[in-house]
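What follows is each chain in one-letter form.
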Amino acid sequence: MRTSLTIKHVLILALTSFGLSACGPDMDDLDQYINTIKARPGGRIEALPEITPYEGFTYIADAQGLRSPFRPDTPQAGGPGSGTRPDPERSREYLESFPLDTLGMVGTMNIGETEFGLVQTSDGLIHRVVPGNFMGQNDGRITQISDSEIALVEIISDGIGGYIERDAAVSLSD
C-alpha cells in the first residue's frame, strides 16, 4: 500500500513538472511584437470637446408668458372643448357590446329600397344593420354599406382629454 502511494505521488509530480515546462520563458515572439509596437512614432490625441455647464430652469418662477410644457404646441382637431364627443345619453345598441375585430360581414340584403348589411357576431348570430346604426366598442357609427365592406366612423380618445374620429371598416368574411 505504501508503494502505490509513492507511485501516485511520483506520477503526480511528473505530470505537474511536464505541464509547467510548457510555461517556460520562451516568449521571444511576444517580446518582438512589443518592441515593434514601441518603435512606432506616437500619435496625436485630439482634445476633448468643450462641455457646457447645465443651466437649471425653475418653471414656476421663470415661466411668465411661456407655453406649458404639458400641452401640445398646436391645438388638435379633437382637443378638449371640440365638438367631437361620444353621446353619453344615447342608448347603446346590441352590436356595441362586441369589439369590432370580432364582428364579421357575411353579406348584404335588399328589402325594397333599403340595403342591409349582414353582420355575424362571435356567438354565431347574424344581425341586420343599416347606415346610422352603431357597432363596435368605440361608438362606431355605420356610414356606408357596400357589397364588400361596412364603413364606420369611430370616436376614440386622443390621449389629451379630447376625442377624434377614425375611419374603420368590417370587410366581407371569406
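Residues numbered from 1 in each chain as written. Predicted model: local features only at pLDDT ≥ 70, side-chain atom pairs only at ≥ 80, totals over all residues. Heavy atoms only, no water.

Trainee: Mind showing me how you'd approach the packing of aromatic side chains here?
Mentor: The way to describe two aromatic rings as a pair is by their centre distance and the angle between their planes. Enumeration over the complete set of coordinates arrives at one aromatic pair. Measuring from ring centre to ring centre gives 5.4 Å for Y94 and F98, while their planes differ by 75°; the resulting arrangement is edge-to-face. Geometry around F134 places R90 over its ring, the cationic atom sitting 3.6 Å from the centre. Positioned above the aromatic ring of F116 is the side chain of R128, whose terminal nitrogen or guanidinium carbon lies 4.9 Å from the ring centre. (Phe/Tyr/Trp six-rings, centres within 6.5 Å; stacked < 30°, edge-to-face > 60°. Lys NZ or Arg CZ within 6 Å of the ring centre and 35° of its normal.)

Trainee: Just to check I follow, could you spell out a negative patch on the surface for this structure?
Mentor: A surface patch of negative charge is lined by D26, D28, D29 and D31. With respect to the helices and strands, D28 occurs in helix α2 (residues 28–39). (Patch = residues over 30% accessible without salt bridge, like charges linked within 9 Å, V, L, I, M, F, W, Y side chains within 5 Å. Areas by Shrake-Rupley, 256 points an atom, 1.4 Å probe, with all protein chains shown as cover. Salt bridge = Lys/Arg side-chain N within 4 Å of Asp/Glu carboxyl O. Lys, Arg positive; Asp, Glu negative; His and termini not counted. Charge placed at Lys NZ, Arg CZ, Asp CG, Glu CD. Helix = DSSP H or I, 4+ residues; strand = E, 2+ residues; numbered from the N terminus.)

Trainee: What's the story with the sheet that holds strand β1 (residues 104–111) in this structure? I'm lost.
Mentor: Strand pairing in a sheet is mediated by backbone hydrogen bonds. Such pairs are either parallel or antiparallel. As summarised here, the arrangement of the three strands in space is β1-β2-β3, forming an open sheet in which the pairing is antiparallel. Strands at the two margins of the open sheet, each flanked by one partner only, are β1 and β3 (126–129). Taken over all neighbouring pairs, the strand axes of this sheet differ in orientation by 30° on average, direction set aside. (Pairing = 2+ DSSP bridges. Axes fitted to C-alpha atoms, helices over the stretch in contact; angles between N-to-C directions.)

Trainee: Sorry if this is basic, but what is going on with the nonpolar core here?
Mentor: Nonpolar side chains in soluble globular proteins generally cluster together in the buried interior. With 14 residues, the main nonpolar core has M135 and I150 as its most contacted residues. Where this core is concerned, the elements lending two or more residues are β5 (140–145), β6 (149–157) and β7 (163–171). Those residues within four positions of I150 in sequence are excluded, and the remaining contacts are M105, G117, V119, V129, M135, I142, Q144, I145, A168, A169 and V170. (Core = buried A, V, L, I, M, F, W, Y, C linked by side-chain atoms within 4.5 Å. Buried < 20%, exposed > 50% of the residue type's maximum accessible area, 1.4 Å probe, protein only. Contact = heavy atoms within 4.5 Å.)

Trainee: Hey, could you run me through the environment of F98 in this one?
Mentor: Along the chain, F98 falls in the loop between α3 (59–62) and β1. Assessed through its relative accessible area of 11%, F98 is described here as buried. Here the alpha-carbon distance between F98 and S122, two residues 24 residues apart in the chain, equals 8.1 Å. Non-local contacts of F98, meaning those with residues more than four positions away in its chain, are made with L103, T121, S122, D123, G136 and Q137.

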